[in-house]
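Chain and residue survey
Read off the chains here:
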Amino acid sequence: MSMFQIFSVSGSAVSAQSQRLNVVASNLANVDTVAGPDGSVYKARQVVFQTQLVGASEDSGSAGVKVSAVTEDQTPGRRVLDPRHPQADAQGYVTYSNVNPVEEMVNMISASRSYQNNIEVMSTAKSLLLKTLQMGQS
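Now for a description of the structure that goes with this document. (Residues numbered from 1 in each chain as written. Predicted model: local features only at pLDDT ≥ 70, side-chain atom pairs only at ≥ 80, totals over all residues. Heavy atoms only, no water.)

1. Quick notes on the overall build of the chain
In terms of helices and strands, the chain carries two helices and four strands. Moving toward the C terminus, one meets the helices and strands of the chain in the order α-β-β-β-β-α. Here the C-alpha radius of gyration of the chain, 22 Å, is well above what a compact globule of 138 residues would show, namely 14 Å. For the chain, the spread of C-alpha atoms along the principal axes amounts to about 80 × 30 × 20 Å. (Helix = DSSP H or I, 4+ residues; strand = E, 2+ residues; numbered from the N terminus. Rg over C-alpha atoms; globule rule 2.2 N^0.38 Å.)

2. Points about helix α1 (residues 3–29)
Residues spaced three or four apart along an α-helix point in a common direction, a consequence of the helix completing one turn every 3.6 residues. Its 27 residues give α1 an end-to-end C-alpha distance of 39 Å, which sits within 8% of 39 Å, the value for a rise of 1.5 Å per residue. Close packing links the buried residues of α1 with β1 (45–53), β2 (63–72) and α2 (101–137). (Expected span 1.5 Å × (residues − 1). Contact = heavy atoms within 4.5 Å.)

3. Things to note about α2
Compared with the 54 Å implied by 1.5 Å per residue over 37 residues, the 54 Å span of α2 between its first and last C-alpha is a close match. Turning to α2, its buried residues are Glu104, Asn107, Ala111, Asn118, Met122 and Ala125. The inward-facing, buried residues of α2 abut α1 and β1. Where α2 begins, the capping side chain belongs to asparagine 100, and its oxygen is found 3.0 Å from the backbone nitrogen of valine 102. (Buried < 20%, exposed > 50% of the residue type's maximum accessible area, 1.4 Å probe, protein only. Polar contact = N/O pair within 3.5 Å; in protein donor to acceptor, adjacent residues only side chain to side chain.)

4. Here we look at the environment of glutamate 103
Assignment of secondary structure puts glutamate 103 in helix α2. Between the C-alpha atoms of glutamate 103 and glutamine 17, which are 86 residues apart in sequence, the distance is 16 Å.

5. A look at the side chain of serine 97
By the element assignment, serine 97 lies in the loop between β4 (93–95) and α2. At 2.8 Å, the side chain of serine 97 and the backbone oxygen of valine 31 are in polar contact. Aside from chain neighbours lying at most four places away, what touches serine 97 is Asn30, Val31, Asp32, Thr33, Val41, Tyr42, Gly77 and Arg78.

6. What to know about the environment of tyrosine 115
Looking at the secondary structure, you find tyrosine 115 in helix α2. Note: C-alpha distance between tyrosine 115 and alanine 13 (102 residues apart in sequence) is 7.3 Å. Aside from chain neighbours lying at most four places away, what touches tyrosine 115 is Val14, Gln17 and Ser18.

7. A look at the pattern of salt bridges
Evaluation of the coordinates by the stated rule reveals three salt bridges. Between arginine 45 and glutamate 72 there is a salt bridge, with its nearest N and O atoms 3.2 Å apart. One end of the pair, arginine 45, is in strand β1; the other, glutamate 72, is in strand β2, with 27 residues separating them in the sequence. On the accessibility criterion, arginine 45 (28% relative accessible area) is partly exposed. (Salt bridge = Lys/Arg side-chain N within 4 Å of Asp/Glu carboxyl O.)

8. Comments concerning the side chain of asparagine 118
For asparagine 118, the location among the structural elements is in helix α2. Residue asparagine 118 is classed as buried on the basis of its relative accessible area of 16%. Residues contacting asparagine 118, with those up to four places away along its chain left out, are Ser10, Ala13 and Val14.

The values reported here are purely geometric and, on their own, carry no functional implication.
As structure tokens, this is what we get:
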């Protein structure tokens, strides 16, 4: 793997983790949303990653990552008995989103660490390339 492919691999990972962080932020923003007038409620979304070849040939052995899909979690939302709530159904239950804030916080920490690690990889590769150029000048 060439040093320049490192930037492609890490860059693809940074882009994918950035999308993952955006999805997590959207999920966390909708933790306490309730079903609208049509009965639909916000459903938690998850990012699905896929391997992506980097470089001109499959023999290079370099693989990056890309977001292949953003899926919705189909588990039902939590229901809370609150007959006085304006969005309560006929039985007095209010349906909230199915977002689990604890899981989303863990997901956010994981995505943030992955993002930071890939930035560090690119920074290290840049430093190595600069030192190589400096060696050629002397």
